[in-house]
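Take a look at the letters that make up each chain.
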Amino acid sequence: MVDAAIAAAVERHWPQAWRSLTDILAIPSVSAQGRGMEEAARYLHAFLSEMGAAVHLVATDGFPAVVGSLPGTPGAPSLLLYGHYDVQPEDPLALWHSPPFTPTVRDGVLYARGATDDKGNIMAALWGIRVAAALGLPRPHLRFCLEGEEEIGSPHLAQVLDACRHELAADACVLCDRGIHASGAAQIFLGNKGMVSVEITVTGAARDVHSSQAPLLPNAARQLVEIVARISSPAGEPRIPALLGDRRPPTPAERELLRRLPFARDAYAADYGLQAAQLLPPTDADRLAVLERLLFQPTANLQGFHAGYGGPGHKTIVPARATAKLDVRLVPDMERHRAAAAVREAVVAAARAAGVAEGALTVEVGADMDPYTAPVDHPAVQAAIAAGRRAYPGEPVVWPLVDGSGPLAAFARAIGGPAFLIGLGNPFERANTHAPDEKLDLDTFRRGIAMMATFLSGYAGGGQAGDHDAD
Ligand SMILES: [Zn+2]
């Protein structure tokens, strides 16, 4: 249970916390449209200043980042907190039941754009700090990086992290984003996959030609099918040995986390309109093997293939041009630049084997993101898990890495320490993020504040935060 003193302090601060949450939610900081951005950045600047933080806006070629620091307890470790103050566009407006930038409560639920993604997360974290301070609890030396461009792909985040390298240096980094688990338990994400994006184009004759000429003319579509088949298996695994050499299996600690993840194969399959037997192999595998495949299996996924004729009836042509797009998701310990080079080489070799002429192949490979996992036994991770156990019902759900790609590696590189994510918003299934009626349960916000106060004091005090547990 939450420490009684922390719970009581959250209640004492609730009117102010509530006001600041609704104040910032009323600012329409839509990065895609450039609205309200300065106003939201200035709001956070003022909020952090009032907390006693040294804070400044870092200008970028886009929207500013709010960067700051707040001294902690002498001898305590340092921690970088990340969040983003920009939100997704609110349309379609007609589907909202209350105006998106007029925070409205119905049945204990707050509705507003940004309620969970990500202003609710940010304000829970900042109020967690204030609550811990009010109680005189130990806290880490804090650094803040509140970005204004997350919803448009963080084009200048690397620039900010680089420009503020010394200021933001910390022992660990926590991204406050996403939500708690659907069960109501805490949810912590220790890693994410990486990504290499691939676009392959094969050209044949100067134009589509009558297929009577098929005996002599190269068919760009068929050649590209051959290339795709040579670099990826029917189950979507990369057939690129140079890529797979860097892959490592989950550690025993990560396997233990996998074992504890709530996951039901039948329900998962049903969610996608499939039978469990239709999932990719091995169909007879146990739960652990399925989760290991979901999270630790690199993929070369064919996302699109465009060539020739697809209309009604038939059109007897030899297609002159074909394009395929693939996403290659990377797992630990692959490295994006090395992976990108391996993919490019494999495509070139496959094209040669498919008989594609020199100059008829175009390959674009993007080394987009590195995979990343934080060590489970790091004190910051352990403090987060312990706090999650106190602030929410049930055992925290801890993902060794998520099934998607993300920016954790960039943060870990910037600080030279582990980076992970704590979800303080509503569960994904009950948040409507990026959609009409985005929401945050009042109880989730309340627990988020308690979670952060507990986590911060636990990390700073080496875990003593729970020693005077009272309820
Ligand atoms: Zn978002």
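See the structure printed just above.
Counting starts from 1 at the beginning of each chain's written sequence and moves along it residue by residue. Reporting of local features is limited, given that this is a predicted model, to residues whose pLDDT is at least 70; pairs of side-chain atoms are given and counted only at 80 or more, and all residues count toward the totals for whole chains, interfaces and linings. In computing side-chain values, all of the structure's heavy atoms are included and hydrogens and water are not.

So, on to helix H8 (residues 252-260). To sort residues, take the accessible area from a 1.4 Å probe on protein chains only and compare it with the maximum for the residue type: under 20% means buried, over 50% means exposed, and anything in between is partly exposed. Numbering of helices and strands runs from the N terminus; a helix is a DSSP stretch of H or I covering at least four residues, while a strand is a stretch of E covering at least two. Of all the positions in H8, only Glu254, Leu257 and Leu258 are classed as buried. An end-on view of H8 places all buried positions within 100° of arc, on one side of the element. Every exposed residue of H8 that faces more than 90 degrees away from the buried side is listed here: Pro252 and Arg260. Contacts were defined at the residue level, with two residues in contact if any of their heavy atoms lie within 4.5 Å. Buried residues in H8 make contact with helix H10 (287-296), strand E16 (372-373) and strand E17 (397-399). Directions pointing from the helix axis toward each C-beta atom define the arc.

Turning our eyes to something else, we now look at the sheet that holds strand E5 (residues 109-111). In this analysis, strands are considered paired if DSSP registers two or more bridges between them. The strand order across the open sheet built from three strands is E4-E5-E19, with neighbouring strands paired in antiparallel fashion. Lying at the two open borders of the sheet, with one neighbouring strand each, are strand E4 (104-106) and strand E19 (439-441). Here the average twist between neighbouring strands, direction ignored, is 30°. As defined by bridge partners, E5 adjoins E19 across three bridges and the pair is classed as antiparallel. Paired with Val109 across the bridge in E19 is Asp441. Where helices are involved, their axes are fitted lines through C-alpha atoms of the stretch in contact, as for all axes, and angles between N-to-C directions lie from 0 to 180°. With respect to the sheet, helix H1 (residues 4-25) is in contact with E4, E5 and E19, its orientation differing from that of E5 by roughly 25°.

So, about the coordination of the zinc ion. A donor here means any N, O or S atom no more than 2.8 Å from the metal (3.2 Å for Na, K and Ca); water is not included, so a site may seem to lack partners. Binding of the zinc ion to the protein goes through Asp117 (OD), Glu151 (OE), Glu151 (OE) and His434 (NE2), at separations of 1.8 to 2.7 Å. Note that the zinc ion binds four donor atoms; their angles at the metal cover 53 to 142°, and the shape is irregular. The class for Glu151 is buried, based on a relative accessible area of 14%. Residue His434 is classed as partly exposed on the basis of its relative accessible area of 42%. In these descriptions, tetrahedral denotes four donors with every angle between 85 and 135 degrees, square planar four donors and octahedral six donors with opposite donors over 155 degrees apart and the rest between 65 and 115, and irregular any other case.

We now examine the packing of helix H3 (residues 119-134) against helix H14 (residues 442-460). The relative placement of two packed helices is expressed as an angle between their axes plus a distance between the axes. It is the contact of H3 with H14, at a shortest axis distance of 7 Å, that shows an interaxial angle of 50°. By the angle class used here, H3 and H14 are oblique. Helix-helix and strand crossings are classified by hand; for H3 and H14 the assignment is right-handed. Within the contact between the two elements, H3 uses Gly120, Met123, Ala124, Ala125, Trp127, Gly128, Ile129, Val131 and Ala132 and H14 uses Phe445, Gly448, Ile449, Met452, Ala453 and Leu456. Under this grouping Gly is polar, as are all residues other than the nonpolar Ala, Val, Leu, Ile, Met, Phe, Trp, Tyr, Cys and Pro and the charged Asp, Glu, Lys and Arg. Taken together, the residues of the contact of H3 with H14 break down into 12 nonpolar, three polar and no charged. Angles are sorted into four bins: roughly parallel if under 35 degrees, roughly antiparallel if over 145, roughly perpendicular if 65 to 115, and oblique for all others. In this scheme the crossing of two helices becomes right-handed for a clockwise turn of the near helix relative to the far one and left-handed for an anticlockwise turn of less than a right angle.

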